[in-house]
Amino acid sequence: MKDKPTMETITEREGPDLKEAVSLPPAQPKRHPTVLPMVALCVAISFGASLIAIYGYDRWYAQKIVAVDIKGYIARQRESYLAGKMSDDELKKSCDRLEAVITAIPRNRVVIMGDAVVRNAETVNP
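Residue indices begin from 1 for each chain and proceed along its sequence in written order. Residues qualify for local features only when their pLDDT is at least 70, as the model is predicted, and side-chain atom pairs are given and counted only at 80 or more; totals for whole chains, interfaces and linings, by contrast, use all residues. Side-chain figures throughout are based on the complete set of non-hydrogen atoms in the structure, without hydrogens or water.

Participant: How should I be thinking about the overall build of the protein chain in this particular structure?
Facilitator: Strands are runs of DSSP state E lasting at least 2 residues, helices are runs of H or I lasting at least 4, and numbering of each runs from the N terminus. Each helix and strand counted, the protein chain has 5 helices and 3 strands in total. Secondary structure elements in the protein chain, listed N-terminal to C-terminal, are α-α-α-β-α-α-β-β. When accessible area is computed with a 1.4 Å probe and restricted to protein chains, residues below 20% of their type maximum are described as buried, those above 50% as exposed, and intermediate ones as partly exposed. Burial analysis of the protein chain (126 residues in total) assigns 13% to the buried set. Contacts are residue-level and defined by heavy atoms, with any inter-residue pair within 4.5 Å sufficient. The contacts in the protein chain between residues at least 6 apart in sequence include a share of 76% that link residues at least 24 apart. Methods summary: accessible areas were calculated by the Shrake-Rupley approach with a probe of 1.4 Å, and residue burial reflects only the protein chains presented. With an accessible surface of roughly 11300 Å², the protein chain has 61% of that area assigned to carbon and sulfur atoms.

This is the structure in structure tokens:
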């Protein structure tokens, strides 16, 4: 049988650098974070999460009122048509544009007639 390799024979074959490669680094003392930075981190994360939640709610979920002045738009189109400034095709295109503008309003917007609004409401002009 062959001789079992011992530490001495491995060291002799690999060289003196093997012992240095195997040594462990000196143990670092554990540092526990203090209370103030942990509290500051928790407050910052809570504040950021709250801002993101409020922004998302307001942007995509909260109902908002939008006024559309349909009566005024139709009156202007009628006047233009009766004065001869507008052809039949242009009148149909303007009605289609009005429908497209109203259809493009997002679902979280409540659409009311522009005549009902007194103030502080977003107004869409087709």
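Participant: Please clarify how the confidence of the model for the protein chain should be interpreted in this entry.
Facilitator: Caution applies to low-pLDDT regions: their predicted coordinates should not be interpreted in detail. Summary statistics for the protein chain give a mean pLDDT of 83 and a share of 80% for residues scoring 70 or more. A score between 0 and 100, pLDDT records how confident the predictor is in each residue. By mean pLDDT, the top-scoring element of the protein chain is helix α3 (residues 35-61) (95), and the lowest-scoring one is helix α1 (residues 7-14) (52).

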